[in-house]
Amino acid sequence: MRIALIGQPNCGKSTLFNQVAGYKAETGNFSGTTVAFTESRVRVSGQVLDLTDLPGAYTLELGSPAEMEAAKYLDSRNVDVIVNVADATHLAASLDLTFELLALKKPLVLALNMMDEVSRLGLRIDGEGLSRELGVPVLPLVASKGRGVRGIFLKALEVGTKKTFPPTSEPLSASVRHARSAETAQKYVTQGERRMTLRDRLDDVLLHPLWGYAILMLVLYLFFQTVYGIGKWTEPPLLKLFDFLIQWALTPFVAESLLSGLVLGVMQGISAGVAIVLPYLLPFLLGLGLLEDIGYLPRVAFLMDALMHRIGLHGKAIVPFILGYGCNVPAVMSTRTLEEPRDRYLAAALATLVPCAARLAVVFGLVAFYMGPAAAMGMFLFNIFVIALVGRILSNLMPEDTPGLILEMPPYRVPTVKNVFSKAWFRVREFVVEAWPVLIAGSAVLALLNYFDVAVYINLLVRPLTWSLGLPSEVGVPLIFGILRKELSLIMLGQALGSSDFDNVLSNVQMVTYAAFVMFYLPCLATLSVLRRELGTRPMLHISALTVAVAMLSGLLVRGLFFLFGAG
Amino acid sequence: MTLLEIPIGGKARLIKTSEGLRSKLRQYGLHIGDCIQVLRAAPLGGPLLVEVNGREVALGREVAAKMLVELECASR
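This structure is a prediction, so every number in the text was calculated from the model and none was measured. (Residues numbered from 1 in each chain as written. Chains lettered and ligands numbered in written order. Predicted model: local features only at pLDDT ≥ 70, side-chain atom pairs only at ≥ 80, totals over all residues.)

## Digging into the overall build of chain B
Stated precisely, the cut-off is as follows: For the purposes of this entry, the term helix denotes a DSSP run of H or I that reaches at least four residues, the term strand denotes a run of E that reaches at least two, and both are numbered from the N terminus. The exposure scheme places C-beta atoms from the backbone and then counts, for each residue, the other C-beta atoms within 10 Å of its own, assigning buried at 20 or more, exposed at 12 or fewer, and partly exposed in between. By the convention adopted here, residues are in contact when the distance between their C-beta atoms, placed from the backbone, does not exceed 7 Å.
Each helix and strand counted, chain B has two helices and five strands in total. Relative to its full complement of 76 residues, chain B shows a buried share of 45%. The contacts in chain B between residues at least 6 apart in sequence include a share of 56% that link residues at least 24 apart.

Structure, rendered in structure tokens:
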């Protein structure tokens, strides 16, 4: 039995031919690769078939030498079955040839090739409907992957043996045929979302070597602005509410008693959780979920990969850093998306050095307020520099054994409200279950310490540290208590020093040193508990020690710089 | 040659990678023998964006450097 493969140029006939005949026909993704026909003898389910790969032809009429060759061959008697390979992504054009082939009154199988491309383009083709309309078998094919190849030859064998002829049809004039193809294609092809073109256009901009970064900056800026905006707007009423609740809860107890101190501690712990979760964490996670579902995060990873390599990580690890500026808790949680334990550890360690909203408040409240925005900007750049430096050192200590970035770039999608919210809720729940109890317990312990008036001892305990940083011994308490709630560091500092007018009680160098230390030292209790859960107790302790060391060195460096340049 | 040497827009067939990378790539639907088209490259030594089997995958340069390819890549 002789089977002829015919199709329009670049429809993949030769690929199909090679799939069964081995690599014999020249192929290429441009028209007219096959000029002369190629023949091969192949075996399909025990039957020997003579297979001919005809040159690509848009039509059998007139045309190029290749088309005439094809027409001449098909006209000869010894072709038993015609397999018409059609580019399914351009069905209207492809059917033109199909209608011509139908008029030849030879057993015909229509193979719709590039079905993978079809689904990628969001097209849907009703193969059954098309088969009924044309009166010939229509089969899907992904010739490049060899999918559907066997089915096509089995079908060809079947119609060839049974001599199933297509329904008689009049030879149509070129224009009628053309209209008919367009009509038929329209009837059986439905256009879904055209993912590819839109996606490519978006990616042209969003992954652009210049605009891509500009847009990334803009997106991050808007993201943080929105989150902080919501936080600033929702936090004060929440704190007011809790002040009221705390007063109410304390009324049954004797003032200044141990019990009232404990209740106060527990209430403050609860309040801390709420004051972190509702104003900052929730908007952050919602925003992140939104960016994630749109499909932007992988683009961020793509853009930032080169930069992240400098600190021993790759693009995917950018997410913990972005999140870190809001709250370190989701930042550490998000390291879960990294595959290698080493990357998770490194990313978590570095993300805890990113100043969260609470620590940024200290920088703003001290440095920006008293020394101007330029100084605060300097602190910010200093932070990035330190993170990069620590990243380099750590990644040198932990040689990379990971293959690097491999990340699927998904199509852009319109996010659903339900999806974004349920994802945010899932992450908030982790915080509530894991970190909140720790906050409450820690708060109670601190209340106890407060009750027994251990401030003096605490200050004494951390005196070596505060002394070497050139800070007054009173800052010991806000530093230690700050582990519980970083956003209260500034308020507690004011309480400890007996004045919120820091200009009077601290020198410039002390303010900068304090801010530099707070920016890096020990993450808050909530972050510590998440670190422990994500990485284990030992890594948590390592990272804690690391942050203290980094904070200490940074504080000393700042102090030294001031000393050298005499600005203090 | 490696995938890194393929210009943007160029196509190549994956013929060999390291054992560890091969299984990793397989998770992303990238097999030996697949035709890979390079779509974009991020600046400053950033990753390549390639298309393979209708999917787009970002590959770090160090990954692409470990992927041996040949230029002969069949049309679809």
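## A look at the overall build of chain A
Looking only at helices and strands, chain A has 25 helices and nine strands in total. Burial statistics for chain A: of 568 residues in total, 45% are counted as buried. Within chain A, contacts between residues separated by at least 24 positions form 72% of all contacts whose residues are at least 6 apart in sequence.

## Thoughts on the pairing of strand S5 (residues 108-113) of chain A
Residues and elements named next belong to chain A. Selection rule: One bridge is not enough; two strands pair if DSSP finds at least two bridges between them. Crossover handedness is defined here as right-handed if the route from the first strand over the helix to the second strand goes clockwise, with the strands pointing away from the viewer.
The buried fraction of S5 is high, at six of six residues. In S5, alternate side chains face the same way, and those of Leu108, Leu110 and Leu112 on one face and Val109, Ala111 and Asn113 on the other are all buried. Judged from the six bridges that link them, strand S4 (residues 81-87) and S5 form a sheet pairing that is parallel. Directly across from Asp87, in S5, lies its bridge partner Asn113. Crossover handedness for the path S4 to helix H3 (residues 91-102) to S5: right-handed. Pairing geometry for S5 and strand S7 (residues 138-140), over three bridges, is parallel.

## Section: the pairing of strand S3 (residues 48-52) of chain B
Note on strand geometry: in a regular strand, side chains alternate between the two faces of the sheet. Residue and element names in this part refer to chain B. Direction of pairing for strand S2 (residues 35-41) relative to S3: antiparallel, over a ladder of five bridges. Of the residues in S3, the one forming a bridge with Ile36 is Val52. Between the antiparallel neighbours S2 and S3 lie six residues, among them Leu44 with a positive phi of about 55 degrees.

## A short note on the sheet that holds strand S3 (residues 47-53) of chain A
Residue and element names in this part refer to chain A. Counted only if it meets this: Each axis is a line fitted through C-alpha atoms, taken for helices only over the stretch in contact, and angles between the N-to-C directions span 0 to 180 degrees.
The strand order across the open sheet formed by six strands is S2-S3-S1-S4-S5-S7, and the pairing between neighbours is mixed. Sheet topology places strand S2 (38-44) and S7 at the edges, where each strand pairs with a single neighbour. When the angles between neighbouring strand axes are averaged without regard to direction, this sheet yields 25 degrees. Set on the sheet, H3 makes contact with strand S1 (2-7), S4 and S5; between it and S4 the angle comes to about 165 degrees.

## Notes on the packing of helix H24 (residues 525-535) of chain A against helix H25 (residues 537-565) of chain A
Residues and elements named next belong to chain A. Put simply, the test is: Small angles under 35 degrees read as roughly parallel and large ones over 145 as roughly antiparallel, with 65 to 115 read as roughly perpendicular and the rest as oblique. Helix crossings are classified by the rotation of the near helix relative to the far one: an anticlockwise turn of less than a right angle makes the crossing left-handed, while a clockwise turn makes it right-handed. Gly falls in the polar group here, along with every residue not listed as nonpolar (Ala, Val, Leu, Ile, Met, Phe, Trp, Tyr, Cys, Pro) or charged (Asp, Glu, Lys, Arg).
Interaxial distance between H24 and H25 falls to 7 Å at its minimum, and their mutual angle equals 135 degrees. Considered as vectors, H24 and H25 are oriented oblique to each other. In the packing of H24 onto H25, the handedness of the crossing is right-handed. Residues Leu528, Leu531, Arg532 and Leu535 of H24 form the contact with H25, whose own contacting residues are Thr537, Pro539, Met540, Ile543 and Ser544. Counted by class, the contact of H24 with H25 contains six nonpolar, two polar and one charged residues.

## Examining the nonpolar core
This is how it is decided: Joining buried Ala, Val, Leu, Ile, Met, Phe, Trp, Tyr and Cys residues through C-beta atoms within 7 Å gives a set, and that set is a nonpolar core.
Counting residues in hydrophobic clusters, the biggest one holds 126 residues, and the most contacted among them are Ile318, Val329, Leu350, Val363 and Ala515 of chain A together with Leu59 of chain B. In terms of residue count, helix H10 (residues 258-294) of chain A provides more of this core than any other element does, twelve residues in total. Apart from residues no more than four positions distant in its own chain, Val363 of chain A is found in contact with Pro355, Ala368, Ala376, Met379, Ala515 and Met519 of chain A.

## Thoughts on the environment of Asp75 of chain A
All names here are of chain A. Position of Asp75 among the secondary structure elements: in helix H2 (residues 65-75). Its 11 C-beta neighbours within 10 Å are what place Asp75 among the exposed residues. Expressed as a C-alpha distance, the spacing of Asp75 and Lys106, which sit 31 residues apart in the sequence, is 9.7 Å.

## Examining unusual backbone geometry
All names here are of chain A. Despite not being glycine, Met114 has its phi angle at roughly 65 degrees, a positive value. With respect to the element layout, Met114 can be found in the loop between S5 and helix H4 (115-120). Of the residues examined, Met114 has 25 C-beta atoms within 10 Å and is grouped as buried. At Lys163, a residue that is not glycine, the phi angle is positive and equals roughly 55 degrees. The topology assignment puts Lys163 in the loop between helix H6 (149-162) and helix H7 (174-188).

## Looking at H24 of chain A
Burial in H24 of chain A covers these residues: Leu525, Ala526, Thr527, Leu528, Ser529, Val530 and Leu531 of chain A. Remark: Gly536 of chain A follows H24 of chain A within two positions and exhibits a positive phi of approximately 110 degrees.

## Details of the confidence of the model for chain B
Residue and element names in this part refer to chain B. Keep this limit in mind: pLDDT is defined as a per-residue confidence score from the predictor, taking values between 0 and 100.
Of all residues in chain B, 86% attain a pLDDT of 70 or more, and the chain-wide mean is 82. Taken element by element, the predicted model of chain B shows its lowest mean pLDDT in helix H1 (residues 19-27) (76) and its highest in strand S5 (residues 68-70) (89). This prediction of the complex comes with two scores: 0.62 for pTM and 0.91 for ipTM.

## Focus on the packing of H3 of chain A against H7 of chain A
All names here are of chain A. Here H3 crosses H7 at 125 degrees, and the two axes come no closer than 8 Å. In this view, H3 runs oblique relative to H7, as classed from their interaxial angle. Judged by the twist between their axes, the crossing of H3 over H7 is right-handed. Residues Leu91, Ala92, Leu95, Asp96, Phe99 and Glu100 of H3 pack against Arg177, His178, Arg180, Ser181, Ala182, Thr184 and Ala185 of H7. A class-by-class count of the residues in the contact of H3 with H7 yields six nonpolar, three polar and four charged.

## Points about helix H23 (residues 508-520) of chain A
Every α-helical turn comprises 3.6 residues, leaving residues that sit three or four positions apart pointing alike. Residues and elements named next belong to chain A. For clarity, the cut-off: Take the residue count of a helix, subtract one, and multiply by 1.5 Å to get its expected span.
Here H23 is 13 residues long and its end C-alpha atoms lie 19 Å apart, about the 18 Å a rise of 1.5 Å per residue gives. Where burial is concerned, most of H23 is hidden: eleven out of the 13 residues are buried. For H23, the full list of buried residues reads Gln510, Met511, Val512, Thr513, Tyr514, Ala515, Ala516, Phe517, Val518, Met519 and Phe520. Where the residues of H23 are buried, they touch helix H15 (357-371), helix H16 (373-397), helix H21 (489-497), helix H22 (502-505) and H25.

## Digging into the environment of Glu158 of chain A
All names here are of chain A. With respect to the helices and strands, the residue Glu158 is situated in helix H6. Given 14 C-beta atoms within 10 Å, Glu158 falls into the partly exposed group. For Glu158 and Pro107, which are 51 residues apart along the polypeptide, the C-alpha to C-alpha distance reads 9.6 Å.

## As for the environment of Leu14 of chain B
All names here are of chain B. Position of Leu14 relative to the elements: it lies in strand S1 (residues 11-16). Sequence separation between Leu14 and Leu3 is eleven residues, and the spatial gap between their C-alpha atoms is 8.0 Å. If we ignore the near neighbours within four places in the chain, the residues touching Leu14 are Leu30, Ile32, Gly33, Asp34, Ile36, Met67 and Val69.

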